[in-house]
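One-letter residues, chain by chain:
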Amino acid sequence: MNKLRSIAVIYASEGTGHRTAALALGEAFIARVPDGKVCCFDILDFIPHPLKIAVSQSYTAMARYAPFLWGLSYWGSDKPSHLTSLVTWAHDRLCRAYLPRVLHEIQKCGVQTIIFTHYFGAAPTARAMRGKMPIFCVDTDFESHSFQRSAEFSWSFCGSERAVRQRYCDGITNSSAAGIPIAQKYKNLPDKAAARDRLGLPQDKRIVLLSGGGIGAGPVFEAAKSLAADEDIFTAAICGNNKKLAARMNSYFIGKKNIRTEENFISNMQDYYAAADTAVIKPGGLSSSEALCAGIPILLTSPIPGQEELNLSYLTETGAALALRRSNNAAEEIRELLASDTAQKMSRIALKIAKPNAADTIIEKVNEICALLRSSEK
């Protein structure tokens, strides 16, 4: 039987996007194989807990309070350098010490293939399982870091054609621009009026979705101050898991009726995208991919140096988004945008480049490759 029935999806809890993408792939697999099995792991759970906390929280801390440090790390390790050698050495040591535990757990699950949404442990796993099990890599941004690009994978799924070209330049030809995997619910968004009713948002105002992503980074508070001053705009502000930001917002805007603050995980983000006239978001790969599905003009806030700079470049060059020039002038920039023909053009482009079926496309290709490999072994 050639049908793929069990997979493992592995992510790293560095930020929130890698986990979200992993869950989307698992969801797509179960939609395809209802009686199938998905084992989803955070690879950082297999290293000592203090080290896991240091790795996961260091990214969050840098993204919120010292993004330039993350930029130095990202760009410094994206090319041959002393930093690249150091990170590679540390990664290899950790993999030698703890990867056997990961592989043991995977073998206990009895899965037929493994999909990684983060580079940590991915290429070493592909080497260790060569000839035994196909291993796949999935990008969660529109371009890739050098650590994500390896010829060891059975296939690499890229966020865009740009990332395909990056791999081609590295001599990696087994890749495709499947898009960034997002949840099934973004395939069929509700209409605007229904979404606003569901959320209790006004039908007669411009609705702006303002978000700092899962970690609540970027100039959310500054943009919110500008937006809240315009009574014709209603702002739905998403603070993610940034409790300090949420507390500051709730305190400052107390009594303000044209702004709503949401914190923690939002299970119905699809309704917020569908209800909005525009989104002011940080250029994360997952949040941007979700917003594209709504076909709304996107304004991107100051990117975290590194992958978000590349995402901003991709989205603005395609014409689906604009960079927010000044967060403390957000209301005026939004009024100008929505009054122009540019907004309609951006919406059309957003829908054109959106890939709501990315997770399905990836699972279909994984199944195809696994079937071919099993057939060749007979």
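Our subject is the structure that appears above.
Notes on the structure in this doc start here. (Residues numbered from 1 in each chain as written. Predicted model: local features only at pLDDT ≥ 70, side-chain atom pairs only at ≥ 80, totals over all residues. Heavy atoms only, no water.)

**Section: the sheet that holds strand S2 (residues 37-42)**
Right, so step 1: Sheet architecture is open: 6 strands sit in the order S2-S1-S3-S4-S5-S6, paired in parallel fashion. Both outer strands of the open sheet, S2 and strand S6 (175-176), are each paired with one neighbouring strand and no more.
Right, so step 2: Judged from the 3 bridges that link them, strand S4 (residues 135-138) and strand S5 (residues 155-157) form a sheet pairing that is parallel. Pairing of Val138 across the sheet is with Phe157, part of S5. (Pairing = 2+ DSSP bridges. Helix = DSSP H or I, 4+ residues; strand = E, 2+ residues; numbered from the N terminus.)

**Some thoughts on the side chain of Gln307**
Right, so step 1: Residue position: Gln307 is located in helix H12 (residues 307-318).
Right, so step 2: Separated by 3.0 Å, the side chains of Gln307 and Trp70 make a polar contact.
Right, so step 3: Leaving out residues up to four positions away in the same chain, Gln307 has contacts with Tyr59, Trp70, Tyr74 and Asp141. (Polar contact = N/O pair within 3.5 Å; in protein donor to acceptor, adjacent residues only side chain to side chain. Contact = heavy atoms within 4.5 Å.)

**A closer look at the packing of aromatic side chains**
Right, so step 1: By the definition in use, this model includes 9 aromatic pairs.
Right, so step 2: With a centroid separation of 6.1 Å and 65° between ring planes, the pair formed by Tyr186 and Tyr273 is classed as edge-to-face. Here Tyr273 lies in helix H10 (residues 269-275) and Tyr186 lies in the loop between S6 and helix H7 (192-199), a separation of 87 residues in the sequence. Tyr273 shares its class with Tyr186; the two are buried.
Right, so step 3: With a centroid separation of 4.9 Å and 80° between ring planes, the pair formed by Tyr252 and Phe253 is classed as edge-to-face.
Right, so step 4: Overall, Phe253 belongs to the buried group, its relative accessible area being 7%.
Right, so step 5: Linked through ring pairs, Phe221, Tyr252 and Phe253 together constitute an aromatic cluster.
Right, so step 6: For the cation-ring pair, Arg248 lies above Phe221, with the distance from its terminal atom to the ring centre recorded as 3.7 Å. (Phe/Tyr/Trp six-rings, centres within 6.5 Å; stacked < 30°, edge-to-face > 60°. Buried < 20%, exposed > 50% of the residue type's maximum accessible area, 1.4 Å probe, protein only. Lys NZ or Arg CZ within 6 Å of the ring centre and 35° of its normal.)

**Some details on the packing of helix H8 (residues 220-228) against helix H13 (residues 330-338)**
Right, so step 1: At a closest axis distance of 7 Å, the pairing of H8 and H13 adopts a crossing angle of 65°. Counting all contacts with H8, which are made through Ala223, Ser226 and Leu227, the residues of H13 involved are Ala330, Ala331 and Ile334.
Right, so step 2: Residues belonging to the contact of H8 with H13 are distributed by class as follows: 5 nonpolar, 1 polar and no charged. (Axes fitted to C-alpha atoms, helices over the stretch in contact; angles between N-to-C directions. Nonpolar A, V, L, I, M, F, W, Y, C, P; charged D, E, K, R; others polar.)

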